[in-house]
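Architecture and fold: a report
Residues per chain are reported as follows:
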Amino acid sequence: LFITSLFSRDTTKRNIINNTILDGNSLTNAFLFNSQGNGWNDSVIVIGLRIQNYVQMINSPSGLSYLKIQDCDLNNNGSTNNGFINFTNGITELIHNVFNSNSGNINLSYWSNQNQIQIRRNSFQNHTINSNNMMMGASGMINIACCGSSKTILENNLFYNSAGSSTGYVININNPSS
């Protein structure tokens, strides 16, 4: 599944992102994805959208093995009781996004040697970290649980003004591989 705006055709016009809005004013999930028995091979790629006001954006969708969110503005998502992104099934790429005024945790994990988590060139601003952690051992704004021998890549990210009742860590890596 490929969800995008015209930004994917002309990346010089970032204002297109502000004009292509997914607003979850009273919804629970932004991307409710359930591929009934497709063998964990489905992908969701989201590019160039403004995603706002969702209590929970992604909550461990069944059947999804690849999630990529790139060049998006994610504003005012989450709640103090839930992780606003919970993806524990496969490869995750968060690239060149602006996370602004969100609350809750981002919980990611992988359970295979081939699956990788990449968090590159993002800006995390004005984030509230909750105290109700969704993942065992989780106490950070971004919680990563690892197994296998693949690498988690955290590169050129900006974290600014994170606060809340559980500010333990900005990034918490649980069970890292050697």
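This is a predicted model, so every value here is computed, not measured.

Glancing now at the sheet that holds strand S5 (residues 58-59). Either a parallel or an antiparallel arrangement is found when strands of a sheet pair, and the pairing is made through backbone hydrogen bonds. Strand order in the open sheet formed by 5 strands is S5-S8-S11-S15-S19, and the pairing between neighbours is parallel. Edge positions in the sheet fall to S5 and strand S19 (169-174), since each of these pairs with one other strand and no more. Pairing geometry for S5 and strand S8 (residues 85-87), over 2 bridges, is parallel. Residue Ile-58 lies in a different strand from S8, and its bridge partner there is Ile-85.

Attention now moves to the nonpolar core. Ranked by size, the top nonpolar core spans 27 residues in total, and within it Met-57, Ile-69, Ile-85, Phe-99, Ile-106, Leu-108 and Ile-119 carry the most contacts. Secondary structure elements with two or more residues in this core: strand S3 (42-47), strand S6 (64-70), S8, strand S11 (106-109), strand S12 (117-120) and strand S15 (140-145).

Before going further, it helps to spend a moment on unusual backbone geometry. With a phi angle near 55 degrees, Asp-71 is a residue other than glycine that sits in the positive phi range. Here Asp-71 lies in the loop between S6 and strand S7 (73-75). For Asp-71, a relative accessible area of 9% translates into the label buried. Within the chain, Asn-76 stands out as a residue other than glycine whose phi angle is a positive 55 degrees.

Let us now look at the side chain of Lys-68. When you line up the elements, Lys-68 lands in strand S6. Looking at Lys-68, the relative accessible area reads 19%, which means it is buried. Setting aside residues up to four positions removed in sequence, Lys-68 forms contacts with Val-44, Ile-45, Val-46, Glu-93 and Ile-95.

With that settled, consider the pattern of salt bridges. Summed over the entire model, instances satisfying the criterion amount to 5 salt bridges. Salt-bridge contacts for Arg-14 lead to Asp-71; the nearest nitrogen and oxygen are separated by 3.8 Å. With a gap of 57 residues between them, Arg-14 in the loop between strand S1 (2-4) and helix H1 (15-18) and Asp-71 in the loop between S6 and S7 connect regions that are remote in the sequence. Relative accessible area serves as the criterion here: at 27%, Arg-14 is assigned to the partly exposed category. A network of salt bridges, in which partner residues are shared, links Arg-14, Asp-71 and Asp-73.

With that settled, the discussion passes to the environment of Ser-123. When you line up the elements, Ser-123 lands in strand S13 (residues 123-125). Ser-123 gets classed as buried once you look at its relative accessible area, which sits at 12%. Setting aside anything within four residues of it in sequence, one finds Ser-123 in contact with Asn-97, Val-98, Phe-99 and Leu-158.

On the basis of which strands lie adjacent, the open sheet formed by 6 strands has the order S2-S4-S7-S10-S13-S17 and parallel pairing. On the outer flanks of this sheet lie strand S2 (21-23) and strand S17 (158-160), each paired with one strand and no other. Across the sheet, the axes of successive neighbouring strands diverge by a mean angle of 10 degrees, strand direction being ignored. When S13 meets S17, the two strands line up parallel, connected through 3 bridges. For Phe-124, the partnering residue across the bridge sits in S17 and is Phe-159.

Attention shifts here to the packing of aromatic side chains. For any two aromatic rings, the description comes down to two numbers: the centre-to-centre distance and the angle of the planes. In total, this model carries 3 aromatic pairs according to the counting rule given. Seen from their ring centres, Phe-84 and Phe-99 are 6.3 Å apart, and the 65 degrees between their planes marks the pair as edge-to-face. With Phe-84 in the loop between S7 and S8 and Phe-99 in strand S10 (residues 98-100), this pair connects stretches of sequence that are 15 residues apart. As far as burial versus exposure is concerned, Phe-84 and Phe-99 are alike and both buried. Measuring from centroid to centroid gives 4.8 Å for Phe-124 and Phe-159, while their planes differ by 5 degrees, and the two rings are stacked. In this pair, Phe-124 is assigned in strand S13 and Phe-159 in strand S17, connecting sequence segments 35 residues apart. We classify Phe-124 as buried; its relative accessible area is 0%.

What counts and what doesn't
- Along each chain, the written sequence defines residue order, and numbers are assigned to residues from 1.
- Predicted model: local features are reported for residues with pLDDT of at least 70 only, side-chain atom pairs are reported and counted for 80 or more only, and whole-chain, interface and lining totals are derived from all residues.
- Here the side-chain values reflect all heavy atoms present in the structure, with hydrogen atoms and water set aside.
- At least two DSSP bridges between two strands are needed for those strands to be called paired.
- Think of it this way: any DSSP run of H or I at least four residues long counts as a helix, any run of E at least two long counts as a strand, and we number them from the N terminus.
- Residues belong to a common nonpolar core when they are buried Ala, Val, Leu, Ile, Met, Phe, Trp, Tyr or Cys residues joined through side-chain atoms within 4.5 Å.
- Here the term buried applies to any residue with accessible area under 20% of the maximum for its type, exposed to any over 50%, and partly exposed to those in between, with areas from a 1.4 Å probe on protein chains only.
- The contact criterion used is simple: two residues touch if any of their non-hydrogen atoms lie within 4.5 Å.
- Salt bridge, as used here, is a side-chain nitrogen of Lys or Arg placed within 4 Å of a carboxyl oxygen of Asp or Glu.
- Interaxial angles span 0 to 180 degrees and are taken between N-to-C directions of axes, which are lines fitted to C-alpha atoms, for helices over the stretch in contact.
- Between the rings of Phe, Tyr and Trp (Trp by its six-membered ring), a pair exists once the centres lie within 6.5 Å; its type follows the angle of the planes, with under 30 degrees stacked, over 60 edge-to-face, and the other angles tilted.

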